[in-house]
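For reference, the chains in residue letters:
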Amino acid sequence: MKSLSEERLRNPPPDSAIARARDFGIDLTLLIERLRLTPEERVLRLQREMMAFDQIRGKAKK
């Protein structure tokens with residue numbers, strides 16, 4: 001079931017900031033995907049991504 005916020009992101013009102021962002025080229029599907037996660041899932045995902053970036057940064061320094 002789609003939430004009201006997801007529906008608003010998929011079909012933004014004309015001349016809204018969301019519509020302007022979409023028209024500018026921002027991929028709103030990524031935002032929708034993140035909003036489907038719980039806050040805990042978002043934090044865990046961010047932590048995994050930060051660890052991956054740290055590994056890449058460490059390899060780049062060598």
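All of these numbers come straight from a predicted model, not from anything done at the bench.

Undergrad: So what about the pattern of salt bridges? Which residues, and what values?
TA: Here the structure, examined in full by the defined rule, presents seven salt bridges. Between Arg45 and Glu33 there is a salt bridge whose closest N-O contact spans 3.0 Å. Separated by twelve residues along the polypeptide, Arg45 in helix α4 (residues 39–61) and Glu33 in helix α3 (residues 28–35) bring together distant segments of the chain. Looking at Glu33, the relative accessible area reads 34%, which means it is partly exposed. Taken together, the salt bridges that share partners define one network made up of Glu33, Arg34, Arg45 and Glu49.

Undergrad: Pulling in residues and values, what's your account of unusual backbone geometry?
TA: Of note in this structure, Asp15 is not a glycine but carries a positive phi near 65°. Locating Asp15 in the fold gives a position in the loop between α1 (4–10) and α2 (17–24).

Undergrad: With reference to specific residues and values, describe the confidence of the model for the protein chain.
TA: Chain-level statistics for the protein chain give a pLDDT mean of 90 and a share of 97% at 70 or above. The element-level mean pLDDT for the protein chain is lowest in α1, coming to 87, with α2 highest at 95.

Undergrad: Explain the side chain of Ser16 to me, and be specific about the residues and the numbers.
TA: With respect to the secondary-structure elements, Ser16 resides in the loop between α1 and α2. In this structure the side chain of Ser16 is engaged in a polar contact, spanning 3.2 Å, whose partner is the backbone nitrogen of Ala19.

Undergrad: Could you give an account of the packing of α3 against α4, with specific residues and numbers?
TA: One can describe the packing of α3 onto α4 by two numbers: an axis separation of 10 Å at closest approach and a directional angle of 120°. One way to sum up the angle between α3 and α4 is to call them oblique. For the pair α3 and α4, the contacting residues are Glu33, Arg34 and Leu35 in the first and Arg42, Arg45 and Glu49 in the second. Of the residues belonging to the contact of α3 with α4, the class tally is one nonpolar, no polar and five charged.

Rules of the game
- Residues numbered from 1 in each chain as written.
- Predicted model: local features only at pLDDT ≥ 70, side-chain atom pairs only at ≥ 80, totals over all residues.
- Heavy atoms only, no water.
- Salt bridge = Lys/Arg side-chain N within 4 Å of Asp/Glu carboxyl O.
- Helix = DSSP H or I, 4+ residues; strand = E, 2+ residues; numbered from the N terminus.
- Buried < 20%, exposed > 50% of the residue type's maximum accessible area, 1.4 Å probe, protein only.
- pLDDT = per-residue confidence, 0-100.
- Polar contact = N/O pair within 3.5 Å; in protein donor to acceptor, adjacent residues only side chain to side chain.
- Axes fitted to C-alpha atoms, helices over the stretch in contact; angles between N-to-C directions.
- Parallel < 35°, antiparallel > 145°, perpendicular 65-115°, else oblique.
- Contact = heavy atoms within 4.5 Å.
- Nonpolar A, V, L, I, M, F, W, Y, C, P; charged D, E, K, R; others polar.

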